[in-house]
Each structure stands twice: as C-alpha cells, then as structure tokens.
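Breakdown of the fold
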Amino acid sequence: MTANDNLIQDLGGRGEKLLVDNLHEKETVLVKLKGTFGEGLVITDKKLYVLKWGYMAGNLIGGRCNAFEYGSITGLEIKKNLLTGTFEVLTPAMQNAQKSYWGKGNEDAIKSDNIVTIQRQMFDLFQEAVRIGREQISKFHSGHGRRDSDLSDLEKLAELKEKGIITQKEFNAKKKSILGL
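This part is about the overall build of the chain. Scanning the chain for helices and strands turns up 3 helices and 7 strands. Along the chain direction, N to C, the helices and strands of the chain fall in the order α-β-β-β-β-β-β-β-α-α. When contacts within the chain are restricted to residue pairs at least 6 apart in sequence, those whose partners lie at least 24 apart make up 50%. For the chain, the accessible area works out to roughly 10,700 Å², and carbon and sulfur atoms hold 53% of it.

Below you can see the structure in the form of structure tokens.
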C-alpha cells in the first residue's frame, strides 16, 4: 500500500452524505481525508472541498460544504505544532486571519470554513494533499493561460485571412492545430 492509497479515507456517515450531496458526478476524487473534529478535505480534478459536520465543527444537525474553485485559491498552507496542526485554504475572500487548533471565537480553526484541523499522525497525508492541491491549482492556471493565448492566436489568424495573406484552407488547418483538433 502506497501513501497515495491512504489519501482516500472514509469520512463516516455524515461526512460521506455531505460529500455525496455536494459532489458533481463528473468530478474525480483525488484526495479524501478526515480531519480531527467532524471535518474533511476533498480534492477533486475540478474543485477543493472543506466539509464540516458534527457538534465540534459547529453543526449539531446537518453540516456544511465549502467548495473552492481552483481559480479563486491563492494558496494552500499546512501549519504544524508538536501534536496538532491545520490545513488552510487561502483565498482573497478569506484573509489570512490567524486561526488556532485550540482557538476560541473568531480564532477557532475547527469552525472556520476554510480550515481542517489535524493531528500529528495525519501530517504526512495532509502534506501530500497540499502537494496535490497545488498541482491542481497550477494545472487550472496553466490551462487558462493557454486558452487566452489560443484566443489571441486565433484572432491574429483571422486578421491574416481577412487581409488575404492566408487562404481559407490555410486558416482552417492552422485553426485545427491551435485548438488541438
């Protein structure tokens, strides 16, 4: 069994139900890890999810699922202390206010929508989740950059065709090449 085999864990009844209710059928789950107090982290090929259920996470009944689009994530961070730690999703909307595993009120990481609390034995798995999450964010941004470049290339190509510099046949061939068809 490799480390990646351990990256898909059972979230338990309420956690699994919460995930099923919010996951889109066309998403592939890459990481599914259980936090300390009724929390879960799910990384798919399309989004990153932070799930919260149970009394300690502020949900006596039901739960909440926060979906983060890769384009809105500015960073993923893992903070480790001697025995406890946190996995945090950083976005412009969720400023990096200091949260703590043992915090109270506004400093309580357990109830924060963008943080999963962890214990020492989970550090390596969550560190691997950070790597995979960052890889997905990078893929998202490189894919969008390529599309912007492709659009620019197509616009230039259309101008060349309009000016009579290239033929319709040449335009169609180059268009297919740019779009990868």
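Additional details are given in the paragraphs that follow.
With that out of the way, let us pick up the nonpolar core. Ranked by size, the top nonpolar core spans 24 residues in total, and within it L48, F87 and F126 carry the most contacts. Going through the elements one at a time, β1 (29-34), β2 (39-44), β3 (47-54), β5 (75-80), β6 (84-90), β7 (115-119) and α2 (123-162) are the ones with two or more residues in this core. The leading source of residues in this core is α2, at 7 residues. Sequence-distant contacts of F87, that is, excluding residues within four places in its chain, are made with L41, L48, L76, E77, N114, I115, V116, F126 and V130. In this structure, L11, L19, W53 and C65 belong to the second largest nonpolar core, which totals 8 residues.

A full pass over the atoms with the stated rule returns 1 aromatic pair. One residue, K161, lies across the ring of F171, its end atom 5.1 Å from the ring centre.

Chain-level statistics for the chain give a pLDDT mean of 85 and a share of 84% at 70 or above. Across the chain, element-level confidence peaks in β1 with a mean pLDDT of 97 and bottoms out in helix α3 (residues 168-179) with 80.

Position of L41 relative to the elements: it lies in strand β2. The spacing of L41 and L19 is 22 residues in sequence and 9.9 Å in space, taken between C-alpha atoms. Excluding its chain neighbours within four sequence positions, the residues that come into contact with L41 are V31, K32, L33, L48, Y49, F87, V116, F126 and A129.

Positionally, S112 belongs in the loop between β6 and β7. Of note is the side chain of S112, whose polar atom sits 2.7 Å from the side chain of N114.

On the basis of which strands lie adjacent, the open sheet formed by 3 strands has the order β5-β6-β7 and antiparallel pairing. Edge positions in the sheet fall to β5 and β7, since each has one partner strand and no second. If you compare each strand with its neighbour and ignore which way they point, the axes differ by 15° on average. Sheet topology note: the β5/β6 ladder contains 6 bridges and is antiparallel. For I78, the partnering residue across the bridge sits in β6 and is F87.

One pass over the structure, following the stated rule, counts 10 salt bridges. Among the salt bridges present, the one from K52 reaches E39, with a minimum N-O distance of 3.0 Å. With K52 in strand β3 and E39 in strand β2, the pair connects residues that are 13 residues apart, well separated along the chain. Take E39: its relative accessible area is 0%, and that puts it in the buried class. A salt bridge links E69 to K47; its shortest N-O distance comes to 3.6 Å. Pair noted here: E69 is in strand β4 (residues 59-69) and K47 is in strand β3, with a separation of 22 residues, a long-range link. On the accessibility criterion, K47 (15% relative accessible area) is buried. Sharing partners across several salt bridges, the network here consists of E77, K79 and E88.

What counts, and at which threshold
Residues numbered from 1 in each chain as written. Predicted model: local features only at pLDDT ≥ 70, side-chain atom pairs only at ≥ 80, totals over all residues. Heavy atoms only, no water. Helix = DSSP H or I, 4+ residues; strand = E, 2+ residues; numbered from the N terminus. Contact = heavy atoms within 4.5 Å. Areas by Shrake-Rupley, 256 points an atom, 1.4 Å probe, with all protein chains shown as cover. Core = buried A, V, L, I, M, F, W, Y, C linked by side-chain atoms within 4.5 Å. Buried < 20%, exposed > 50% of the residue type's maximum accessible area, 1.4 Å probe, protein only. Phe/Tyr/Trp six-rings, centres within 6.5 Å; stacked < 30°, edge-to-face > 60°. Lys NZ or Arg CZ within 6 Å of the ring centre and 35° of its normal. pLDDT = per-residue confidence, 0-100. Polar contact = N/O pair within 3.5 Å; in protein donor to acceptor, adjacent residues only side chain to side chain. Pairing = 2+ DSSP bridges. Axes fitted to C-alpha atoms, helices over the stretch in contact; angles between N-to-C directions. Salt bridge = Lys/Arg side-chain N within 4 Å of Asp/Glu carboxyl O.

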